[in-house]
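Structural overview
These are the residues of each chain, in order.
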2 protein chains.
Amino acid sequence: MKKRVTLKQIAKELDVSVSTVSKALKNSEEISRDTKDKIQAFAKLYNYRPNNIALSLKNKKTKNIGVIIPDIVHHFFTTVFRGIEHYAGERGYNVMICVSDESFEKEILNMELLANGSIDGFIMSLSAETQEKNDYTHLKEVLGQGIPLVLFDRVTEDIECDKVILNDEQIAYDAVQGMIRSGKRKIALVTTEGYFNVSFDRARGYKRALEMNGLDVDKALVLTLPYKSEDDTVIWDFFESNDIDAVLCVNEIFAIKCMDVVQRQGKKVPEDISFIGFTNGILSRYSTPKLTTVAQHGELMGETAARLLIDRIENDLEGNHKTEVISATIIHRESTIN
Amino acid sequence: MKKRVTLKQIAKELDVSVSTVSKALKNSEEISRDTKDKIQAFAKLYNYRPNNIALSLKNKKTKNIGVIIPDIVHHFFTTVFRGIEHYAGERGYNVMICVSDESFEKEILNMELLANGSIDGFIMSLSAETQEKNDYTHLKEVLGQGIPLVLFDRVTEDIECDKVILNDEQIAYDAVQGMIRSGKRKIALVTTEGYFNVSFDRARGYKRALEMNGLDVDKALVLTLPYKSEDDTVIWDFFESNDIDAVLCVNEIFAIKCMDVVQRQGKKVPEDISFIGFTNGILSRYSTPKLTTVAQHGELMGETAARLLIDRIENDLEGNHKTEVISATIIHRESTIN
DNA sequence: TTGTACGCGTTATCAG
DNA sequence: CTGATAACGCGTACAA
């Protein structure tokens, strides 16, 4: 059990000063070949590594970035996280992660914890509760302290900072257009509560596509489901009491659940009803039939967010906030015609 | 943009010494009511928070734990992670996470990075490559430096440390027993390369159940698949050229893929072939038919691992390593009879 | 070529 | 009651 050695210990052992050791280990020209050799050999032997904490304190840079996401057992968020982690790693940054569990309180708690010096900047996606409350004082606080922040996916216009978002409105429009082109006319939308910016934007795209084609926007054809629910009866009733031939779902699970219900009702997918969902996750690839989905390119989102953040940490960008838009693409599978 | 205030700044502003401020903020009895009030009011106004990094340096405790997992877009690992995060949070710890991407090199890199003072202990699950190489010097290194380590799920007997594992052998045995009880006799195993301790243990349970019932262990009925592969032809051939009426799969994806193949071959699940998979993930709940699975209780594993680690960090346990076994349970769905 | 002194932010100890 | 000092581990400007 040889504990980690410090500069001081090496210095003492070799009977030189701490600064000599420090310089020698950085191969400084100031130090003679002889002492450098001696010190470097010793350091290697005892496997010296500078202490990150001490460096952080000295440099006022932790080389850590804090990520706060609403959920971790979640395909999209983990995909984004993977992108963040990869990119950050390449630029020498580590990642601390906190999960808000969709809770306003936990989001604040986590932010305050990390903001006390542990990280150089934040990447986050807002919790459901935060978007519902529409209260962003904790974000303003952090920004006010000069800590950079990048929001992704679940963002808000109330905060001025770098953002990475999907072209939600456009891709929803495209998706619906595609269904119309394949002959569908009675198109439903299955969505979450409207306070999610993403759901809101997707709904806008859905409506625009209908209007563009002279189709009515029928409120009865919009089903709003709670974020997490095991109860399928609402879905059952919705599809039983409405005449629907195509559905756009704002996430994968909703789509899978709805497909399951309509198939149990004896309808054929995609002939009778076609489906498109958001999030190109694992479910889509293995469902029956395989689900056509909107790929959000989470990994790219993550990389982009990390790039924006680290650029801001390392260069003094002074305002001048960017919003990068990731272009979604539609992955055609078996739940749509053609 | 009011930057974070330090003790020193408060001291200067109020014309007292740094130590007085420090004490006043901790409500020390040594300080007079008056000065305490004054200092506390000022601190509150400027929203003073002690700097984590400085505290870490002083206390030689970071209150961070490092988690290294092979993959993040992965139901089981994220579930475990959720358990870790929740439990750690309750005990005042933050989590730094690194992904090894199943790579030996990256695992070592990540460990070295975090071991340089950033964390008080590790929780990890070994990468595929590490298990294949069977080289654990980096783990020994870290343990040698006095940094506590808890392994979960993918563990090794070569390292002495706290561990959290599943009763893999037993639950595989139970699963196969159940299929035999329901009348199945020609039972296949679909597994990964044998260097995974979990696959190895599950195979042992599978064999024990067969032997216990006087059934032959037929090597032809064991299919070994690469960890990640898009090619289904091996699976197709396997089920075409063998007479099989039940299958135990060591993970969820394998099970879903195999079910898909045999159904395309015109067989009925579970009447002709029944399936049980490991990992009670999202796929199992939405597949057709819904998959009977072994629930690994990842969240509990995570909590347990975090508890073991933090206990070891905070108390000097001096060897005396525990291995906690989590009891898996079988979730019966539609892919098995009864 | 080497060493001294200082500062990063905090707390504990001891002196006043 | 309050303040000065040392220490955690490191790097660097400056002095010798």
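Residues numbered from 1 in each chain as written. Chains lettered and ligands numbered in written order. Predicted model: local features only at pLDDT ≥ 70, side-chain atom pairs only at ≥ 80, totals over all residues. Heavy atoms only, no water.

**Considering the UniProt feature "domain: HTH lacI-type" (unreviewed entry) in chain A**
Just so we agree on the cut-off: UniProt positions are given in the numbering used here, feature names are shortened, and annotations may be inferred rather than shown by experiment. Per the convention used, a helix needs a DSSP run of H or I reaching at least four residues, while a strand needs a run of E reaching at least two, with both numbered from the N terminus.
UniProt's feature table lists "domain: HTH lacI-type" (unreviewed entry) at residues 5-59 of chain A, given in the numbering used throughout. The annotated region residues 5-59 of chain A carries 67% helix and 0% strand content, and the separation between its end C-alpha atoms amounts to 21 Å.

**Things to note about the protein's contact with DNA strand C**
What counts here: Definition of nearness: a residue and a molecule or strand are near each other if at least one heavy atom of the residue lies within 4 Å of the molecule or strand. For the purposes of these results, a polar contact is taken to be a pair of N or O atoms within 3.5 Å, where, inside protein, one atom must be able to donate a hydrogen and its partner to accept one; residues adjacent in sequence count only when each atom of the pair is a side-chain atom.
Neighbouring DNA strand C are 26 residues; Ser 19, Thr 20, Lys 23 and Lys 58 of chain A together with Lys 8 of chain B lie closest to it. Of all DNA strand C atoms lying within 4 Å of any protein atom, the proportion belonging to sugar or phosphate reaches 59%. Note that a base nitrogen of DNA strand C is positioned 3.0 Å from one of the side-chain N or O atoms of Lys 58 of chain A. Here a phosphate oxygen of DNA strand C and a side-chain polar atom of Ser 22 of chain B are 3.1 Å apart. At four residues, the largest contribution of residues to the surface near DNA strand C is made by helix 2 (residues 18-25) of chain B.

**Re the pattern of salt bridges**
Our working definition: Within this document, salt bridges are pairs made up of a side-chain nitrogen of Lys or Arg and a carboxyl oxygen of Asp or Glu, the two lying within 4 Å of each other. For every residue, the accessible area obtained with a 1.4 Å probe (protein chains only) is divided by the maximum for its type, and the residue is called buried under 20%, exposed over 50%, and partly exposed between those limits.
Evaluation of the coordinates by the stated rule reveals 36 salt bridges over all chains. For Asp 168 of chain B, the salt bridge identified is with Arg 202 of chain B, shortest N-O distance 2.6 Å. Residue Asp 168 of chain B is found in helix 9 (residues 168-181), and its partner Arg 202 of chain B is found in helix 10 (residues 197-212); the two are separated by 34 residues along the sequence. Between Arg 307 of chain B and Glu 324 of chain B there is a salt bridge, with its nearest N and O atoms 3.5 Å apart. Residue Arg 307 of chain B is located in helix 14 (residues 298-314), and its partner Glu 324 of chain B is located in strand 11 (residues 323-326); the two are separated by 17 residues in the primary sequence. Here Arg 307 of chain B falls in the partly exposed class, since its relative accessible area comes to 27%. Look at the salt bridges and you will find they share partners, linking Lys 63, Arg 91, Asp 311 and Glu 314 of chain A into a network.

**Quick look at the state of the cysteines**
Residue and element names in this part refer to chain B. Under the convention used in this document: Disulfides are defined in this document as cysteine sulfur pairs within 2.5 Å.
Inspection of the entire model under this criterion finds zero disulfides over all chains. The cysteine Cys 249 is free of any disulfide, with Cys 258 supplying the nearest cysteine sulfur at 4.6 Å. By relative accessible area, Cys 258 is classed as buried at 0%.

**Some points on the protein's contact with DNA strand D**
Definition in use: Under the convention adopted here, Pro, Cys and the residues Ala, Val, Leu, Ile, Met, Phe, Trp and Tyr are nonpolar, Asp, Glu, Lys and Arg are charged, and Gly plus all remaining residues are polar.
Taken together, 25 residues form the shell around DNA strand D, and within it Lys 8 of chain A together with Thr 20, Lys 23, Thr 35 and Lys 60 of chain B come nearest. Of what DNA strand D places within 4 Å of the protein, 59% of the atoms are sugar or phosphate. Between Tyr 48 of chain A and DNA strand D, the recorded distance is 2.8 Å, taken from a side-chain N or O atom to a phosphate oxygen. Take Ser 19 of chain B: an N or O atom from its side chain is 3.1 Å from a base nitrogen of DNA strand D. Secondary structure elements with two or more residues in the surface near DNA strand D: helix 1 (7-14), helix 2 (18-25) and helix 4 (52-59) of chain A together with helix 2 and helix 4 (52-59) of chain B. Its residues placed into classes, the surface near DNA strand D shows eight nonpolar, nine polar and eight charged.

**Quick word on the interface of chain B and chain A**
Using the following cut-off: By definition, residues are in contact when any of their heavy atoms lie within 4.5 Å. Buried area adds together the accessible area that both of two parts lose upon being put together, with accessible area traced by a 1.4 Å probe.
Taken residue by residue, the interface counts 52 residues in chain B and 53 residues in chain A. When chain B packs against chain A, close to 4700 Å² is buried across both sides, 54% of that on carbon and sulfur atoms. Contact with chain A buries area across many residues of chain B, yet Ile 53, Asn 116 and Tyr 286 of chain B alone supply 14% of it, more than any other trio. Across the chain B-chain A interface, the total number found is four salt bridges. Here Asp 71 of chain A makes a salt bridge to Arg 82 of chain B, at a shortest N to O gap of 3.1 Å. Run the count over chain B and chain A and you get 21 residue pairs in polar contact (both at pLDDT 80 or more). For the side of chain B that touches chain A, the secondary structure elements donating two or more residues are helix 4, helix 5 (75-90), strand 2 (94-99), helix 6 (104-115), helix 8 (137-144), helix 12 (252-264) and helix 13 (282-286) of chain B. Per element, the largest residue contribution to the side of chain B that touches chain A is seven residues, and it comes from helix 5 of chain B. For the side of chain B that touches chain A, the residue count by class is 21 nonpolar, 18 polar and 13 charged.

**A few points about the packing of aromatic side chains**
All names here are of chain B. Here is the rule we go by: Stacked, edge-to-face and tilted labels apply to pairs of Phe, Tyr and Trp rings (six-membered ring for Trp) whose centres lie within 6.5 Å, assigned for plane angles under 30 degrees, over 60, and everything in between, in that order.
Under the counting rule described, the total for this entry stands at 12 aromatic pairs over all chains. Aromatic side chains Phe 238 and Phe 239 sit 5.1 Å apart centroid to centroid with 85° between the ring planes, which places their arrangement in the edge-to-face category. Each member of the pair, Phe 238 as well as Phe 239, is classed as buried. Residues Phe 239 and Phe 275 carry aromatic rings whose centres are separated by 6.3 Å and whose planes lie at 50° to one another, so their mutual orientation is tilted.

**Topic: the relation of the copies chain B and chain A**
What counts is decided by this rule: A residue counts toward the fit only if its pLDDT is at least 70 in both copies, and the copies are then superposed by least squares on the C-alpha atoms of those residues.
With an RMSD of 0.1 Å, chain B superimposes on chain A once it is rotated by 180° and translated 0.0 Å along the axis. Overall, the copies show the geometry of a two-fold rotation axis. When C-alpha positions in chain B are compared against the rotation axis, the closest is assigned to Met 96 of chain B, at 2.1 Å. The residues that chain B uses at the interface reappear at the interface of chain A in 100% of cases, marking a shared surface.

**Let's talk about the sheet that holds strand 7 (residues 222-224) of chain B**
Each strand in a sheet pairs with another by means of backbone hydrogen bonds, the pair being arranged parallel or else antiparallel. Residues and elements named next belong to chain B. As a reminder of what qualifies: Should DSSP find at least two bridges between two strands, the strands are regarded as paired. Where helices are involved, their axes are fitted lines through C-alpha atoms of the stretch in contact, as for all axes, and angles between N-to-C directions lie from 0 to 180°.
The six strands lie next to each other as 7-6-8-9-10-12, forming an open sheet whose pairing is mixed. The open sheet has two free edges, formed respectively by strand 7 and strand 12 (329-331), since each of these has just one partner strand. Shown here is a sheet whose adjacent strand axes are inclined to one another by a mean of 20°, direction ignored. Judged from the three bridges that link them, strand 10 (residues 292-295) and strand 12 form a sheet pairing that is antiparallel.

**Focus: the sheet that holds strand 10 (residues 292-295) of chain A**
Residue and element names in this part refer to chain A. The strand order across the open sheet built from six strands is 7-6-8-9-10-12, with neighbouring strands paired in mixed fashion. Each edge of the open sheet carries a strand with a single partner, namely strand 7 (222-224) and strand 12 (329-331). When the angles between neighbouring strand axes are averaged without regard to direction, this sheet yields 20°. Bridge analysis of strand 6 (residues 187-191) against strand 8 (residues 246-249) gives four bridges, and the strand direction is parallel. From the neighbouring strand, Ile 187 faces strand 8, where its bridge partner is Ala 246. Sheet strands in contact with helix 10 (residues 197-212) are strand 6, strand 7, strand 8 and strand 9 (274-278), and its direction is about 175° off that of strand 6. Of the strands in this sheet, strand 6, strand 8 and strand 9 touch helix 12 (residues 252-264), which is tilted by about 160° from strand 9.

**Digging into the pairing of strand 2 (residues 94-99) of chain A**
Residues and elements named next belong to chain A. Worth spelling out the cut-off: Orienting the strands away from the viewer, one traces the path from the first strand over the helix to the second; a clockwise path indicates a right-handed crossover.
Strand 2 sits mainly inside the fold: six of its six residues count as buried. Taking every second residue as pointing to the same face, both faces of strand 2 are buried, with Asn 94, Met 96 and Cys 98 on one and Val 95, Ile 97 and Val 99 on the other. When strand 1 (residues 64-69) meets strand 2, the two strands line up parallel, connected through six bridges. Pairing of Val 67 across the sheet is with Ile 97, part of strand 2. Handedness of the β-α-β unit built from strand 1, helix 5 (residues 75-90) and strand 2 comes out right-handed.

**Some remarks on the domain arrangement of chain A**
Residue and element names in this part refer to chain A. Selection rule: In this entry, domain limits derive from an automatic or database-based domain assignment.
Parsing chain A into structural domains produces domain 1 (7-50), domain 2 (63-166 + 298-326) and domain 3 (168-296). Across the contact, 15 residues belong to domain 2 and 14 residues belong to domain 3. Summed over both partners, the interface of domain 2 with domain 3 comes to about 1200 Å²; 51% of that surface belongs to carbon and sulfur atoms. Of all residues in domain 2, His 75, Gln 131 and Leu 166 bury the most surface against domain 3, accounting for 42% of the area lost on that side. Connecting domain 2 to domain 3 are zero salt bridges. At the surface where domain 2 touches domain 3, the tally comes to five residue pairs in polar contact (both at pLDDT 80 or more). Mapped onto the side of domain 2 that touches domain 3, the elements with two or more residues apiece are helix 5, helix 7 (128-133) and helix 14 (298-314). Across the side of domain 2 that touches domain 3, the residue classes tally to six nonpolar, four polar and five charged.

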